[in-house]
Amino acid sequence: MVFGRRSKTSTDDLDNWSEILDVYWEFLESLDCGTKVYLPLWDKEGEIADIMEERVVIEGLLPNNEWLDVNPWEFKIL
């Protein structure tokens, strides 16, 4: 598993939990609002609307422009 395409470190190469968390937080901090993403579970594309703590808010999936908060491993950056 790799934390996004911007990270070159796989979980197999990491030695301890603190290093895994560092890569995870680095990935979250590198996300930008407005970035197009694909959610395989929904088979739809959307945009990152906001990043809250450990969740990413996606818009453009639900009717009436409602937002959906997902985990970072539930989408792919386009």
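Above this text you will find the structure in question.
Residues numbered from 1 in each chain as written. Predicted model: local features only at pLDDT ≥ 70, side-chain atom pairs only at ≥ 80, totals over all residues. Heavy atoms only, no water.

Student: Help me out: how do you make sense of the overall build of the protein in this one?
Tutor: For the protein, the count of helices and strands is one helix and five strands. Reading the protein from its N terminus to its C terminus gives the helix and strand order α-β-β-β-β-β. Within the protein, the fraction of its 78 residues that count as buried is 33%. Of the contacts formed within the protein by residues at least 6 apart in sequence, a portion of 34% connects residues at least 24 apart. Carbon and sulfur atoms make up 49% of the accessible area of the protein, which amounts to about 5300 Å² in all. (Helix = DSSP H or I, 4+ residues; strand = E, 2+ residues; numbered from the N terminus. Buried < 20%, exposed > 50% of the residue type's maximum accessible area, 1.4 Å probe, protein only. Contact = heavy atoms within 4.5 Å. Areas by Shrake-Rupley, 256 points an atom, 1.4 Å probe, with all protein chains shown as cover.)

Student: Looking at this model, I keep getting lost on a nonpolar patch on the surface. Mind explaining?
Tutor: Together, Trp17, Leu21 and Trp25 give the surface a local cluster of nonpolar side chains, amounting to about 330 Å² of exposed area. By the secondary structure assignment, Trp17 is in helix H1 (residues 17-30). Under the relative-accessibility criterion, Trp17 is labelled exposed at 60%. (Patch = residues over 30% accessible without salt bridge, like charges linked within 9 Å, V, L, I, M, F, W, Y side chains within 5 Å. Salt bridge = Lys/Arg side-chain N within 4 Å of Asp/Glu carboxyl O.)

Student: Looking at this model, I keep getting lost on the sheet that holds strand S1 (residues 36-39). Mind explaining?
Tutor: The strands that make up a sheet pair up through hydrogen bonds in the backbone, lying either parallel or antiparallel. Reading across the sheet, the five strands line up as S4-S3-S2-S1-S5 and stay open at both edges, with antiparallel pairing between neighbours. Looking along the sheet, the strands with just one partner apiece sit at the ends: strand S4 (67-70) and strand S5 (76-77). By the bridge criterion, four bridges tie S1 to strand S2 (residues 44-52) in an arrangement that is antiparallel. When the sheet's bridge partners are listed, Val37 is paired in S2 with Gly46. (Pairing = 2+ DSSP bridges.)

Student: Help me out: how do you make sense of unusual backbone geometry in this one?
Tutor: Even without being glycine, Asp43 reaches a positive phi, approximately 55 degrees. Inspection of the secondary structure puts Asp43 in the loop between S1 and S2. Using a relative accessible area of 56% as the deciding quantity, one classes Asp43 as exposed.

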